[in-house]
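One-letter residues, chain by chain:
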Amino acid sequence: MVDVDDFNLEASTACRFDSLSIYDGSDTSADLIGVYCGTEGPGIVTSTGSSLFLRMESDITGTRSGFHAKYISQGETGGCGTNFTSHAGFISSPNYPEKYDNNADCTFSITGEADKNVTVAFDHFDVEQHTDCDYDSLKIYDGDTDEGSPLATLCGIDMPNPVSSTIGSGLFFRFKSDASVTRTGFSAFFRVQ
Ligand SMILES: [Ca+2]
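Small disclaimer: the values here were computed from a predicted structure and weren't measured. (Residues numbered from 1 in each chain as written. Predicted model: local features only at pLDDT ≥ 70, side-chain atom pairs only at ≥ 80, totals over all residues. Heavy atoms only, no water.)

### So, the UniProt feature "domain: CUB" (unreviewed entry) in the chain
Applicable threshold: UniProt positions are given in the numbering used here, feature names are shortened, and annotations may be inferred rather than shown by experiment. Starting at the N terminus, helices and strands are each numbered in turn, a helix being any DSSP run of H or I of at least four residues and a strand any DSSP run of E of at least two.
Per the UniProt record, "domain: CUB" (unreviewed entry) is annotated on residues 1-74 and 80-193. Structurally, residues 1-74 comprises 0% helix and 41% strand, and the distance from its first C-alpha atom to its last is 9 Å. Secondary structure across residues 80-193 comprises 0% helix and 41% strand; the distance between its end C-alpha atoms is 23 Å.

This is the structure:
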């Protein structure tokens, strides 16, 4: 997985001037995940296997600041009920990438560390839509319980922005579904930094 957190390449139609291409494998013969330019970078990109191949090309004019990416090769994983204590890991809804069940109630917590915050960023999100997320939802709380107001209450298909705890605090997640309509849920990674 790579997290492209800063991106600025010369913009052009179909990115034919300057571009960043990302392939789902170890070279350009692998499946092309996307071609990016301008200021709309790829964000988080996840490989299906153990390799990603990135290729940046520029033409003879029009340079920009380029891109910056973080590479995450491994992290802690765990199902519902997991309390994560490492610096990086992956969380996802039950059964992901298959659909979650009806009447799910699943929590995760990430402990965090003094002087650091926990940030979670999504690479997949599809949770039954409702204006107030009253059907199915993922709620994210600052701290280690679901007391108080959530930092985020998420549903629908729009990719959520990254969510960060306050410094020195962890994050607590609660995913709930109601009795009908299921989707593929969410996949995200976190880091403590
Ligand atoms: Ca539902």
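### A closer look at the domain arrangement of the chain
Convention followed: Note that the domain bounds were set by an automatic or database domain assignment. Contact definition: two residues touch when any of their heavy atoms are within 4.5 Å. A 1.4 Å probe defines the accessible area here, and the buried area is the portion of it lost by two parts on being joined, summed over both. Salt-bridge detection follows one rule: a side-chain nitrogen of Lys or Arg within 4 Å of a carboxyl oxygen of Asp or Glu. Definition of a polar contact: a pair of N or O atoms within 3.5 Å, with one able to donate and the other able to accept a hydrogen when the atoms are protein atoms, and with sequence-neighbouring residues admitted only if both atoms are side-chain atoms. Residues are grouped as follows: Ala, Val, Leu, Ile, Met, Phe, Trp, Tyr, Cys and Pro are nonpolar; Asp, Glu, Lys and Arg are charged; every other residue, Gly included, is polar.
Domains assigned within the chain are domain 1 (2-71) and domain 2 (76-192). Here the C-alpha centroids of domain 1 and domain 2 sit 27 Å apart. Tallying the contact residues gives four residues for domain 1 and five residues for domain 2. When the two sides are added together, the surface that domain 1 and domain 2 hide from each other amounts to roughly 370 Å², 57% of it contributed by carbon and sulfur. Where domain 1 meets domain 2, there are one salt bridge. When the shortest N-O distance is used, the salt bridge between D3 and R191 registers 2.8 Å. In this assembly, domain 1 and domain 2 are joined by two residue pairs in polar contact (both at pLDDT 80 or more). Taken together, the residues of the side of domain 1 that touches domain 2 break down into one nonpolar, one polar and two charged.

### Side note on the state of the cysteines
Selection criterion: Disulfide: a pair of cysteine sulfur atoms within 2.5 Å of each other. For every residue, the accessible area obtained with a 1.4 Å probe (protein chains only) is divided by the maximum for its type, and the residue is called buried under 20%, exposed over 50%, and partly exposed between those limits.
Across all of its chains, the model carries three disulfides by this definition. Here C15 engages in a disulfide with C37; their sulfurs sit 2.2 Å apart. Note on the C15 and C37 pair: the S-S dihedral is about -80°, so by sign convention the disulfide is left-handed. Within this pair, whereas C15 is found in the loop between strand 1 (2-8) and strand 2 (19-23), its partner C37 is found in the loop between strand 3 (32-36) and strand 4 (44-45), the two being separated by 22 residues in sequence. A single burial state applies to C15 and to C37, both of which are buried. Between the sulfur atoms of C80 and its disulfide partner C106 the distance amounts to 2.1 Å. Negative torsions about the S-S bond denote left-handed disulfides, and the value of about -105° found for C80 with C106 makes this one left-handed. Residue C80 is located in the loop between strand 7 (76-77) and strand 8 (83-84), and its partner C106 is located in strand 10 (residues 105-110); the two are separated by 26 residues in the primary sequence.

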